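Coordinate inspection notes
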Amino acid sequence: MSEDMGRFLSSSSLAKSVVVSSEERKKTMAVAAEEAQFHVLAVDDSLIDRKLIERLLKTSSSCQVTTVDSGSKALQMLGLREDEESTSPVPADKNKIEVNLVVTDYCMPGMTGYDLLKKIKGSSSLKNIPVVIMSSENVPSRTTRCLEGGAEEFFLKPIKLSDMTRLTPYLPKGKLKEQQRESSNDNNYSNQSKDFCLRRQGQDSPVIA
């Protein structure tokens, strides 16, 4: 292999590495933007529990978290009224926010977490929002009822950071890790190609006496 060809292969490999790094940065920025837009609505009548779930969610994923203290307020945030038929069209509401995940307590005054779940799953525009229910009481029939009603998970209080791993499929951090693995694989491939070209260059270079 000529010296010019060796330099060309080395330059090509380096250029590919730069392109991969640039793509990795773009992916990371895109995921960061997605995380900033991802919105969790946490519902609990206990201030302590609201603060706890908010802190755990922000620790496990840098998403936005809005907390409210009742199911009625949660419906208002989602653009529904408590007395509104779930199947009716949702009117425009200036207080409505885009929500990607709802985490709600089960036992609350007025509207329970199960009632809120049924309202969300009964709405044609909101039914695809994942709902997670929490409770301080370990009642198997309650858990079964909620899961059969459409809840994604049922947590027992107090919620712990380790519980957040069960939310990975619904949080953007899971997507971030997947993209990081893909970027790592691309970088490994690029580095292997570069090492191969350098070895070939060294083998094919003429020995000067």
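Residues numbered from 1 in each chain as written. Predicted model: local features only at pLDDT ≥ 70, side-chain atom pairs only at ≥ 80, totals over all residues. Heavy atoms only, no water.

1. Some details on the overall build of the protein
What counts, and what does not: Numbering of helices and strands runs from the N terminus, with a helix taken as a DSSP run of H or I at least four residues long and a strand as a DSSP run of E at least two residues long. Buried means the residue's accessible area, taken with a 1.4 Å probe over protein chains only, is under 20% of the maximum for its type, while exposed means over 50%, and partly exposed covers the values in between. Residues are treated as being in contact if the distance between any of their heavy atoms lies within 4.5 Å. Note that accessible areas follow from Shrake-Rupley with a 1.4 Å probe, and for residues the cover is restricted to the protein chains shown.
The helix and strand tally for the protein stands at 6 helices and 5 strands. Across the protein, helices and strands are ordered from the amino to the carboxyl terminus as α-β-α-β-α-β-α-β-α-β-α. Out of the 209 residues in the protein, the part that is buried amounts to 39%. Sequence-distant contacts, at least 24 apart, represent 67% of the contacts inside the protein between residues at least 6 apart. For the protein, the exposed area adds up to about 12100 Å²; of that, 52% sits on carbon and sulfur atoms.

2. Thoughts on helix H2 (residues 47–60)
Which entries qualify depends on this criterion: Helices are assigned an expected span. That span is 1.5 Å times one less than the residue count.
The end-to-end C-alpha distance of H2, which contains 14 residues, comes to 20 Å, matching closely the 20 Å that a straight helix rising 1.5 Å per residue would cover. Of all the residues in H2, the buried ones are Arg-50, Leu-52, Ile-53, Glu-54, Leu-56, Leu-57 and Ser-60.

3. Observations regarding the nonpolar core
For clarity, the threshold we go by: We call a set of buried residues a nonpolar core when its members are Ala, Val, Leu, Ile, Met, Phe, Trp, Tyr or Cys and they connect through side-chain atoms within 4.5 Å of each other.
With 24 residues, the main nonpolar core has Leu-41, Val-43, Val-102, Leu-116 and Ile-133 as its most contacted residues. When contributions to this core are tallied by element, the ones reaching two or more residues are strand E1 (39–43), helix H3 (71–78), helix H4 (113–121) and strand E4 (131–135). The residues touching Val-43, leaving out its near neighbours within four places in the chain, are Val-68, Ser-70, Gly-71, Ala-74, Val-102, Val-103, Thr-104, Asp-105, Met-108, Leu-116 and Met-134. If you look at the next biggest cluster of nonpolar residues, it comprises 19 residues, including Phe-38, Met-134, Ile-159 and Leu-171.

4. With respect to the pattern of salt bridges
For clarity, the cut-off: Each salt bridge in this description consists of a side-chain nitrogen of Lys or Arg and a carboxyl oxygen of Asp or Glu lying within 4 Å of one another.
Taken as a whole and judged by the stated rule, the model has 8 salt bridges. Put simply, Lys-157 and Asp-49 hold a salt bridge, and the shortest N to O gap is 2.9 Å. You can see Lys-157 sitting in the loop between strand E5 (153–156) and helix H6 (172–204) and its partner Asp-49 sitting in helix H2, a full 108 residues away along the chain. On the accessibility criterion, Lys-157 (17% relative accessible area) is buried.

5. A short note on the packing of H3 against H4
For clarity, the cut-off: Where helices are involved, their axes are fitted lines through C-alpha atoms of the stretch in contact, as for all axes, and angles between N-to-C directions lie from 0 to 180°. The cut-offs work like this: below 35 degrees is roughly parallel, past 145 is roughly antiparallel, 65 to 115 is roughly perpendicular, and the gaps in between are oblique. Helix crossings fall into two classes, left-handed where the near helix is turned counterclockwise from the far one by less than a right angle and right-handed where it is turned clockwise. Residues are grouped as follows: Ala, Val, Leu, Ile, Met, Phe, Trp, Tyr, Cys and Pro are nonpolar; Asp, Glu, Lys and Arg are charged; all remaining types, including Gly, are polar.
H4 packs onto H3 with a crossing angle of 20 degrees between their chain directions and a minimal axis gap of 10 Å. The angle between H3 and H4 falls in the class roughly parallel. Relative to H4, the crossing made by H3 is right-handed. When H3 is examined against H4, the residues Gly-71, Ala-74, Leu-75 and Leu-78 are found in contact with a partner set consisting of Leu-116, Lys-119 and Ile-120. Its residues placed into classes, the contact of H3 with H4 shows 5 nonpolar, 1 polar and 1 charged.

6. Here we look at the UniProt feature "modified residue: 4-aspartylphosphate" (unreviewed entry) in the protein
The condition is simple: UniProt positions are given in the numbering used here, feature names are shortened, and annotations may be inferred rather than shown by experiment.
Mapped onto the present numbering, the UniProt feature "modified residue: 4-aspartylphosphate" (unreviewed entry) falls at Asp-105. Relative to the helices and strands, Asp-105 resides in strand E3 (residues 101–105). Accessibility expressed as a relative area gives 5% for Asp-105, which makes it buried. Apart from the residues lying within four places of it in its own chain, the contact partners of Asp-105 are Val-43, Asp-44, Asp-45, Gly-113, Met-134, Ser-135 and Lys-157.

7. Comments concerning the packing of aromatic side chains
What counts, and what does not: A pair of Phe, Tyr and Trp rings is counted when the ring centres sit within 6.5 Å of each other, with Trp represented by its six-membered ring. The angle between the planes then sorts it: under 30 degrees is stacked, over 60 is edge-to-face, the rest tilted. A ring is scored as having a charge over it whenever the NZ atom of a lysine or the CZ atom of an arginine sits within 6 Å of its centre and within 35 degrees of its normal.
Following the criterion strictly, the structure yields 0 aromatic pairs and no others. Positioned above the aromatic ring of Tyr-114, the side-chain terminus of Arg-145 is 3.7 Å from the ring centre.

8. A look at the side chain of Asp-163
What counts here: A 3.5 Å cut-off defines polar contacts: any pair of N or O atoms within that distance qualifies, except that in protein one atom must be a possible hydrogen donor and the other a possible acceptor, and neighbouring residues in sequence count only when both atoms are side-chain atoms.
In this fold, Asp-163 is placed in the loop between E5 and H6. Of note is the side chain of Asp-163, whose polar atom sits 2.9 Å from the backbone nitrogen of Lys-160. Beyond its immediate chain neighbours, meaning those up to four positions away, Asp-163 contacts Phe-155 and Pro-158.

9. A short note on helix H5 (residues 140–148)
The condition is simple: By arc we mean the arc of the directions from the helix axis to the C-beta atoms, nothing more.
Taken as a whole, H5 has its buried residues at Arg-142, Thr-143 and Cys-146. Seen along its axis, H5 keeps its buried residues to an arc of 100 degrees; they face one direction. For H5, exposure combined with an orientation more than 90 degrees from the buried face picks out Pro-140, Ser-141 and Glu-148. Where H5 is buried, its residues touch H4, E4 and E5. Gly-150, located one to two residues past H5, shows a positive phi value of around 120 degrees.

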